[in-house]
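# Per-entry structural report
Next come the chains, spelled out residue by residue.
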Amino acid sequence: MYTQNTPIHVKLWHREFWHLAIANLLLTMSVYMLIPTLPVWLLNNYSALETGIVMGVFGAGLLLLGGFCSFLVQHYRRNQVCMWAIGAMILCLALLYYFTVFGSISYELMLIIRIAHGMFFGLSQMILLSTLIIDASESFQRTEANHSANWFGRFALSLGPVCALVLKSFGEPSMQGFDMVLLGSMGCCVLAAVLIMLVNFPFKAPEDNIRFFTSDRFYLAHGTWLFFNLFLITAAVGMLLCLPLHPMFYCMMMAGFLLALLSQKFVFANAELKSEVVSGLFLIGSAQLMLLSHQEVAHNYIAPIFIGTGIGIVGARFLLFFIKLSRHCQRGTSQSTYFLAWELGISAGLFAGYAYFNGNHHALVTVSFAVVALALIMYQLFTHNWYLKNKNR
């Protein structure tokens, strides 16, 4: 049994788990590859406000199919629904490639493609995280499986942009290399679909009286305060991703994620429960203060390590909070709710960063710092005690 402070560690499990975990990494990478590259193309064709809206509506799309997730996985083969959703993501990226490389694209069509991309990414991830990975794991390993699979998604936050910035150098100069990024993003989706196809999922008879639209596997209503607190944190990080960042910045973020993994095992193993979130937020806040300075080493190396370590620690702990808050048979719903809080926060941060602070880096980082401070105050004064009173495990 996992106690409240038990750190969860990645284990080498069966082949099926690794197929699904790597598929999660590739799918998330395919989306995060657009974070440092799509806005560059957009700003050359649209205003800063329009760019922010295009980046933000992706998050709105995440919500549109979530209510149908339970119905779809009950009435159809769940792995096939996931692969169809991935296929739709590839189609969205292919349309974006065609219209940006071989023709012209209107602003309205760009919005439609981005919303559709968000819809099908949300559906594929909800099925993958809340159903496939859980079904492929033994009951006593499911918490560890959720924890480990989500770490693959967190690493994509740094690995995806690094790959995109490298691919840009091989692309068409007139497109700022955006064509190669889109091809790379499509390639990640194809590989993810192949990995899911390699896993055999036995057919399950549908449950009785499944509603067409339901919050099951979509949103954990009694986890709203956790949702909002995590949303604030990832929104602050999303704003920082609007800065003109170099590949080394993301590589240092990856090093920070590794430090977060090690700290869970050696630093926070027997620490007070709230220490992880508080320490993580202090690290993110310290990184933001470094970004306001003009010291090159602090700005380019130490700050991204602090950001990666901080968001890694906070993300892992909030995931366990969602799992322990869920009631019987709500594990999948807790996974989807955590995913939505994470992705909606990043999308909201990207929207605000480009729409209101594009080019004003000092104001951008200052507002991001204020959001982290608000998240810390909320967690210290309310969320932590509320969680202890309402947890179910």
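In short, a report on the structure. What you see is a predicted model; the values in this text were computed from it and never measured.

## Some words on the overall build of the protein chain
Helix and strand counts for the protein chain stand at 14 helices and zero strands. In the protein chain, the order of α-helices and β-strands from amino to carboxyl end is α-α-α-α-α-α-α-α-α-α-α-α-α-α. In terms of overall size, the protein chain behaves like a compact globule, its C-alpha atoms giving a radius of gyration of 20 Å where 393 residues would be expected to give roughly 21 Å. Projected onto its principal axes, the C-alpha coordinates of the protein chain cover approximately 55 × 45 × 35 Å. By the burial criterion, 60% of the 393 residues in the protein chain qualify as buried.

## A few points about the environment of S336
Structurally, S336 can be placed in helix 13 (residues 331–357). Along the sequence, S336 and L262 sit 74 residues apart, while their C-alpha atoms lie 26 Å from each other. Those residues in contact with S336 that lie beyond four places of it in its chain are M126, S130, R217 and F218.

## Things to note about the packing of helix 12 (residues 296–325) against helix 14 (residues 361–390)
Two numbers describe how helix 12 lies on helix 14: the axes approach to 9 Å, and their chain directions differ by 35°. Seen along the crossing, helix 12 lies across helix 14 with a hand that is left-handed. Contacts from F318, F321, K324 and L325 in helix 12 reach Y379, W386, Y387 and N390 in helix 14. Here the residues of the contact of helix 12 with helix 14 sort into six nonpolar, one polar and one charged.

## Remarks on helix 9 (residues 224–240)
The end-to-end C-alpha distance of helix 9, which contains 17 residues, comes to 25 Å, matching closely the 24 Å that a straight helix rising 1.5 Å per residue would cover. Counting buried positions along helix 9 yields 13 of 17 residues, so the element is predominantly enclosed.

## Here we look at the side chain of Q125
Checked against the element boundaries, Q125 lands in helix 6 (residues 107–135). Its relative accessible area of 2% is what places Q125 among the buried residues. Side-chain polar atoms of Q125 contact the side chain of N24, separated by 2.8 Å. Sequence-distant contacts of Q125, defined by excluding residues within four places in its chain, comprise N24, L27, T28, S130 and F339.

## Side note on unusual backbone geometry
The phi torsion at R217 lies on the positive side, around 65°, for a residue other than glycine. Accessibility expressed as a relative area gives 17% for R217, which makes it buried.

## Remarks on the pattern of salt bridges
What the rule picks out here adds up to two salt bridges. Close ionic contact of R78 with D135 constitutes a salt bridge, the shortest N to O distance being 2.8 Å. Separated by 57 residues along the polypeptide, R78 in helix 5 (residues 78–101) and D135 in helix 6 bring together distant segments of the chain. Between E276 and R317 there is a salt bridge, and its shortest N-O distance comes to 2.7 Å. Pair noted here: E276 is in helix 11 (residues 275–292) and R317 is in helix 12, with a separation of 41 residues, a long-range link. R317 carries the same exposure label as E276, and that label is buried.

## Quick look at the nonpolar core
Residues L20, F178 and F318 are the most contacted members of the largest nonpolar core, which totals 138 residues. Apart from residues lying up to four places away in sequence, L20 is in contact with L128, L132, I133, A136, I196, V199 and F201.

## Examining the packing of aromatic side chains
The final tally for this structure, using the stated rule, is 26 aromatic pairs. Site record: aromatic cluster; members linked through ring pairs are W41, Y46, Y107 and F178. Directly above the ring of W151 sits R154, whose terminal nitrogen or CZ lies 4.8 Å from the centroid.

## Concerning a nonpolar patch on the surface
On the surface, a nonpolar cluster with roughly 510 Å² of combined accessible area is contributed by W225, F228, I377, L381 and F382. When contributions to the nonpolar patch are tallied by element, the ones reaching two or more residues are helix 9 and helix 14. Tallying contributions element by element places helix 14 first for the nonpolar patch, with three residues. Positionally, L381 belongs in helix 14. Residue L381 is classed as exposed on the basis of its relative accessible area, which comes to 67%.

## Examining the environment of P161
One can find P161 in helix 7 (residues 142–168). The class for P161 is buried, based on a relative accessible area of 1%. Between the alpha carbons of P161 and H246 there is a distance of 9.3 Å; along the sequence they are 85 residues apart. Apart from the residues within four sequence positions on either side, P161 is in contact with Y32, M33, P36, A156 and Y250.

Cut-offs and rules
- Residues numbered from 1 in each chain as written.
- Predicted model: local features only at pLDDT ≥ 70, side-chain atom pairs only at ≥ 80, totals over all residues.
- Heavy atoms only, no water.
- Helix = DSSP H or I, 4+ residues; strand = E, 2+ residues; numbered from the N terminus.
- Rg over C-alpha atoms; globule rule 2.2 N^0.38 Å.
- Buried < 20%, exposed > 50% of the residue type's maximum accessible area, 1.4 Å probe, protein only.
- Contact = heavy atoms within 4.5 Å.
- Axes fitted to C-alpha atoms, helices over the stretch in contact; angles between N-to-C directions.
- Left-handed = near helix turned anticlockwise from the far one by under 90°.
- Nonpolar A, V, L, I, M, F, W, Y, C, P; charged D, E, K, R; others polar.
- Expected span 1.5 Å × (residues − 1).
- Polar contact = N/O pair within 3.5 Å; in protein donor to acceptor, adjacent residues only side chain to side chain.
- Salt bridge = Lys/Arg side-chain N within 4 Å of Asp/Glu carboxyl O.
- Core = buried A, V, L, I, M, F, W, Y, C linked by side-chain atoms within 4.5 Å.
- Phe/Tyr/Trp six-rings, centres within 6.5 Å; stacked < 30°, edge-to-face > 60°.
- Lys NZ or Arg CZ within 6 Å of the ring centre and 35° of its normal.
- Patch = residues over 30% accessible without salt bridge, like charges linked within 9 Å, V, L, I, M, F, W, Y side chains within 5 Å.
- Areas by Shrake-Rupley, 256 points an atom, 1.4 Å probe, with all protein chains shown as cover.

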